[in-house]
Amino acid sequence: MPRVRFLNENLSLTVEDGVTILEAARTAGVNIETPCNAIGLCGKCRVKLGSASSTVDIDSQKSPLSKAESARTYVLACQSAIHGDVDVLVEDRSAENRSLRILSEGSSFSYEVKPFITKRFNGHVTEILGGGIPIGEEDGDTTEECYGVVVDIGTTTLVASLIDLKTGEEIATESMLNPQSAYAQDVLARINFASCPDGLATLRRCFIEAYLTMSKAMYEHAVIDPMRVYEVVFSGNTTMLHIACGLDPSPLGRYPYISKLGGGEHMNAEGLHISPFGRIYLPPVISAFVGADITSGTLVSRLDEIEGITAFIDVGTNGEIVLARDGVLSATSTAAGPAFEGMNIARGMRAARGALESFAIGADGEISCSVIGGGEPIGICGSGLLDVVGELVRVGVIGKNGRFAEGHHNESLKKALRSVDGKRAFFITDEVYITQRDIRQAQLAKGAVRAGVEALMSRLGVSDDSVDRVLIAGSFGYHLNERSLLEIGLLPSAFAGKVLFVGNTSQSGGTAFLLNTDFRERMKDVVGRIDKIELANEPGFEKLFVNSLGF
Ligand code: FES
């Protein structure tokens, strides 16, 4: 049987003839990211073969790797079958993942601290009350120690905060890459993976381990006893909540797209290592594709209260949109795909150290860019991609149809247009470039969000210029700028000057749910009244989408 050596882990094992490098890595416990669910599209499972390795099948027709990479013995772990001894070098992404820029704060408003969990000392024991009803007792007076945790479970990132339930103060916070993204990048891929044998258990285990890592760090930082934590709020999209609660998310991925979770309820907190009286609270879920994270955003943005017309847009792999008109709300979601996360892009990467995050072209064609952590870019994150595409459209290097234009740009820009494997690409540095396919990915992503916005406006009979404010939520959205969004047409030009970036409202809204129990019933009522729109059923949506693709 063939022998595989994973050089950087100093691990070796024998495998059946014909298994893929990825399968061997998983057997050995070696982590290789597979954002496209191992279908050979994203190129992120790239590994390098040692010189002694010559017996791996490579489907070069399908590979997103360039000829230069293949010549340097890079292969896709998910597409390469092993037929003889191989040495494999896995790219170490841990430093990149540790430097990932994660937004833990979102806008909010002032409210009374009135948590669901309270404590009362009767001279002998401390009673723990949930919603005013006794749920447990502790010896002695422990009234000074009463804590809760809020977790924003994003598809790509996790943010946790430890909150003092007496004062409302956040006393520690932690964040990390959602380790589930090693298996599948976006929501649909995550649902597919969860449907495979052991898939759901694998994803849930990943989440619980990540939760325990973050919470341990917070308890140590704040020097508190985890047994004094009584409530944990999970704020996240519907799929993430299903997985976090160990529920099969597959009904979310097929018609009629039903969520088993309605939210607005408590769940068992087993495995979270908190007080035995502790529970998980899930905010109300809007629909299969508009989750509790958007309910949290709706709460802290007060969409059900503010006058006028407000568009709330959470830009990510899934774009969720809520349109509010004098307290009447409609919501939808649109599949933007992974381009905004820097995935399925030739030189794409997450917003971590080395990522090009903004880009501009001066009057003389001079390129300037900024890179997370400084230095030369090693890749392009989502906000960088939108900036690059927006600027190239503005100066005419990319035409309105999204294709590289012929001829009429200045000399230095002309020099930057070269080819990779016979296809045109715009080079920012010798190693970092965008291809025609990358532009197409950006078009599909921005077209999906724009079409969703247009569909909601048309449903409510609202015109572009009657919208009073546009709230862009989410970690990715926070690093965008209004100019890029308007330049590429992700937003209508009539939104100029009305755009506010509100940050991680899933986290700030989850905190509001933890700290004021009155919001729970109120938001159940609000969510019940939201008009939930399934874009695929909206007449004319296809046409809207096609019209939204151009620049
Ligand atoms: S190409 Fe292998 S995981 Fe995407």
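About the criteria used
- Residues numbered from 1 in each chain as written.
- Predicted model: local features only at pLDDT ≥ 70, side-chain atom pairs only at ≥ 80, totals over all residues.
- Helix = DSSP H or I, 4+ residues; strand = E, 2+ residues; numbered from the N terminus.
- Rg over C-alpha atoms; globule rule 2.2 N^0.38 Å.
- Buried ≥ 20, exposed ≤ 12 C-beta atoms within 10 Å, placed from the backbone.
- Contact = placed C-beta atoms within 7 Å.
- Pairing = 2+ DSSP bridges.
- Axes fitted to C-alpha atoms, helices over the stretch in contact; angles between N-to-C directions.
- Domains from an automatic or database assignment.

From N to C terminus, the chain includes 15 helices and 28 strands. In terms of overall dimensions, the chain is globule-like: its C-alpha atoms have a radius of gyration of 25 Å, near the 24 Å expected for 551 residues. Over its C-alpha atoms, taken along the principal directions, the chain stretches across nearly 80 × 65 × 45 Å. Within the chain, the fraction of its 551 residues that count as buried is 48%. Taking the contacts inside the chain whose residues are at least 6 apart along the sequence as the reference set, 67% of them involve residues at least 24 apart.

With that out of the way, let us pick up the sheet that holds strand 7 (residues 86-90). What links the strands of a sheet is backbone hydrogen bonding, and the strands pair in either a parallel or an antiparallel sense. One open sheet accounts for 5 strands, arranged 2-1-7-3-5; its pairing is mixed. Unpaired on one side and paired on the other, strand 2 (11-14) and strand 5 (74-76) mark the two borders of the sheet. In this sheet, neighbouring strand axes are inclined to one another by 35° on average, regardless of whether the strands run parallel or antiparallel. Here strand 1 (residues 3-6) runs beside strand 7; their pairing, made up of 3 bridges, is parallel. Paired with arginine 5 across the bridge in strand 7 is aspartate 87. The sheet strands contacting helix 1 (residues 21-28) are strand 1, strand 2, strand 3 (46-49) and strand 7, and the helix crosses strand 2 at an angle near 115°.

As a measure of interface size, the accessible area lost when the parts come together is often cited. Considered domain by domain, the chain is made up of domain 1 (3-91), domain 2 (117-294), domain 3 (303-338 + 441-504 + 530-547) and domain 4 (342-433). The straight-line distance from the C-alpha centre of domain 2 to that of domain 3 is 28 Å. Tallying the contact residues gives 13 residues for domain 2 and 15 residues for domain 3.

To continue, consider the sheet that holds strand 20 (residues 355-361). The strand order across the open sheet formed by 3 strands is 21-20-22, and the pairing between neighbours is mixed. The sheet is open, and its two edges are formed by strand 21 (367-371) and strand 22 (379-380), each paired on a single side. Looking at chain direction, strand 20 and strand 22 are connected through 2 bridges and run parallel. Note on strand 22: the bridge partner recorded for alanine 355 is glycine 379. Contacting strand 20 and strand 22, helix 8 (residues 382-394) crosses the sheet at an angle of about 20° to strand 20.

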